[in-house]
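Here is what each chain is made of, one letter per residue.
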Amino acid sequence: ETPPKAKACIFIMLEGGPSHIDMWDLKPNAPLEIRGPFRPISTKVPGTQIGNILPHCSKITDKFTIMRSHSHRDNAHQTGRHWVLTGYPPSFADGQAKGMPFNELYPSLGSIVSRELGQGGAVPPYVEMPNPLGPGGPGFFGAQHAPFTIETDPVQPDFQVRDLNLPDDIGDRRFQLRRKLLAGAERLGTQEGQTGRERTMSSYYEKALELVTSPAAKKAFRIQDESDKIRERYGLTSIGQCALLGRRLVEAGCRFVGIDHGSWDTHVDNFTSHEKALVPPTDQAFSALINDLDDRGMLDETLVVMMGEMGRTPKINADAGRDHWSQCQTVIFAGGGVKRGAVIGASDPTASFPTTTPYGIQDLLRTIFHLMGINADKTHHTPLGRPVPIVNGGAVIEELLA
């Protein structure tokens, strides 16, 4: 068996559904009510064209691969994101995911990576920012594989990770005494038989204490140590600084970084939103991340995936918007054993459906796990003894592999 190519994965979720037909898979010969105002431009790779709203990415198409034939059946946001992140359809209706207990959900991509690969350094194995990637946490894996969520945005001038530093009035000795007291209470709880909730809290306390006492972890999160030049290269935007912090965390041994970038649900005024607000910071952040990883010799062992839970409808609606469309979507891959400069798959003349083999969510997840050296057929059992394979079905996308 070949050794895994990717030691870590940076997964960028463009929440809401980016418009594949306006960014990566333009159809200049389609009718006006489908093609929209953007035009295809040439790129670093002869014969490959992408949208003119992606000038930074057009210069580095030789470093990533465009897959234009992703397709699935869930046209809703929360349920679609759950399916993409876990590989399983959810047990809740769209809009009802908030407050769902972890053990009712399947483990998500990052939690699976956390469990299978374990800690790679001082930082947690699974970090997400500046919001949760979506419904679907550690599921029945339990709190020890929950993401460490940075709920402050690294673009803020006063950014710091909450609870990473001790309060000013607590010295090291006092902190160690408190830790000893907590350990005694935990032992007592174990003797008396902890509830599931108490065990969950114990896991959180343990993880928090590891971070508070680790200088290496604190250093990894200190994005202020980067030069102004580097920070500006990524863009002084939420997605830009999250991408930069993601690179720092991977350097420090993080296995899976989830970056959530929202507001791609463009039912109204799709073109202004993409051209002015959404695409420019994403174009800059993604290209800076890929170049930076490559310059540092990290790209070949860091897998980068960028996608939404769906694409957008080819037909433009009455509000100059595009609606939900999961049947055809583009996914961007880079590094970690993926081909460079390729275009995989194709769609029909209106970007409505793949004309080549449609790749689904299980294929996507199985390929990510393959590149990271995780056996997707491995089965874990729920607390009730039900066997759940890491990925149920699907096949590795061979044409994506370097």
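Residues numbered from 1 in each chain as written. Predicted model: local features only at pLDDT ≥ 70, side-chain atom pairs only at ≥ 80, totals over all residues. Heavy atoms only, no water.

Engineer: Residues and numbers for the packing of helix α10 (residues 238-251) against helix α11 (residues 270-295), please.
Structural biologist: Packing of α10 against α11 leaves a shortest axis separation of 8 Å and a crossing angle of 20 degrees. Here α11 runs roughly parallel to α10, going by the angle between their axes. Relative to α11, the crossing made by α10 is right-handed. Seen from α10, the contacting residues are Ile239, Gly240, Ala243, Leu244 and Arg247; seen from α11, they are Pro281, Thr282, Ala285, Leu289, Asp292 and Leu293. Per-class residue counts for the contact of α10 with α11 are 7 nonpolar, 2 polar and 2 charged. (Axes fitted to C-alpha atoms, helices over the stretch in contact; angles between N-to-C directions. Helix = DSSP H or I, 4+ residues; strand = E, 2+ residues; numbered from the N terminus. Parallel < 35°, antiparallel > 145°, perpendicular 65-115°, else oblique. Left-handed = near helix turned anticlockwise from the far one by under 90°. Contact = heavy atoms within 4.5 Å. Nonpolar A, V, L, I, M, F, W, Y, C, P; charged D, E, K, R; others polar.)

Engineer: Could you give an account of the state of the cysteines, naming the residues involved and the relevant values?
Structural biologist: Tallied over the entire structure, the rule returns 0 disulfides. There is no disulfide at Cys254, and the cysteine sulfur nearest it, in Cys9, is 10.0 Å away. On the basis of relative accessibility, which here comes to 1%, the residue Cys254 falls in the buried class. (Disulfide = S-S within 2.5 Å. Buried < 20%, exposed > 50% of the residue type's maximum accessible area, 1.4 Å probe, protein only.)

Engineer: Which residues make up the pattern of salt bridges, and what are the values?
Structural biologist: Within the structure shown, the criterion is met by 20 salt bridges. Of the charged contacts in the structure, one is a salt bridge between Asp292 and Arg247, with a shortest N-O distance of 2.9 Å. In this pair, Asp292 sits in helix α11 while Arg247 sits in helix α10, placing the two residues 45 residues apart along the sequence. For the pair shown, Asp292 and Arg247 are each scored as buried. Arg312 is the partner of Asp265 in a salt bridge, and the nearest nitrogen-oxygen pair spans 3.1 Å. (Salt bridge = Lys/Arg side-chain N within 4 Å of Asp/Glu carboxyl O.)

Engineer: Please provide a residue-by-residue account of the nonpolar core, values included.
Structural biologist: Ile12, Trp24, Phe64, Leu249, Phe286 and Val304 are the most contacted members of the largest nonpolar core, which totals 54 residues. No other element matches α11, which puts 9 residues into this core. Discounting chain neighbours no more than four positions away, the residues touching Leu249 are Val123, Val127, Met129, Ala220, Phe221, Cys254 and Val257. Counting residues in hydrophobic clusters, the runner-up holds 42 residues, among them Ala6, Val338, Leu364 and Leu365. (Core = buried A, V, L, I, M, F, W, Y, C linked by side-chain atoms within 4.5 Å.)

Engineer: Tell me about helix α5 (residues 109-117), and please be specific about residues and values.
Structural biologist: Three or more residues of α5 are buried, namely Leu109, Gly110, Ser111, Ile112, Val113 and Ser114. Note on α5: the residue one or two positions beyond its end, Gly118, has a positive phi of about 70 degrees.

Engineer: Can you lay out unusual backbone geometry for me, pointing to particular residues and giving the numbers?
Structural biologist: Cis geometry marks the peptide bond from Met129 to Pro130, where omega comes out at -15 degrees. Residue placement: Pro130 occurs in the loop between β5 (126-129) and β6 (148-149). One non-glycine residue, Asp269, lies in the positive phi region at around 55 degrees. Following the sequence through the fold, Asp269 ends up in the loop between β7 (256-261) and α11. Phi at Ala351 is positive, roughly 60 degrees, even though this residue is not glycine. By secondary structure assignment, the location of Ala351 is in the loop between β12 (343-344) and α12 (361-371). Residue classification places Ala351 among the buried residues on the basis of a relative accessible area of 0%.

Engineer: Before we move on, could you go through the environment of Glu301 and cite the residues and values that matter?
Structural biologist: Relative to the helices and strands, Glu301 resides in the loop between α11 and β8 (302-307). Taking the C-alpha atoms as reference points, Glu301 and Lys7, separated by 294 residues in sequence, lie 5.5 Å from one another. Once you skip the residues sitting within four places of it in the chain, Glu301 turns out to touch Lys5, Ala6, Lys7, Ala8 and Gly336.

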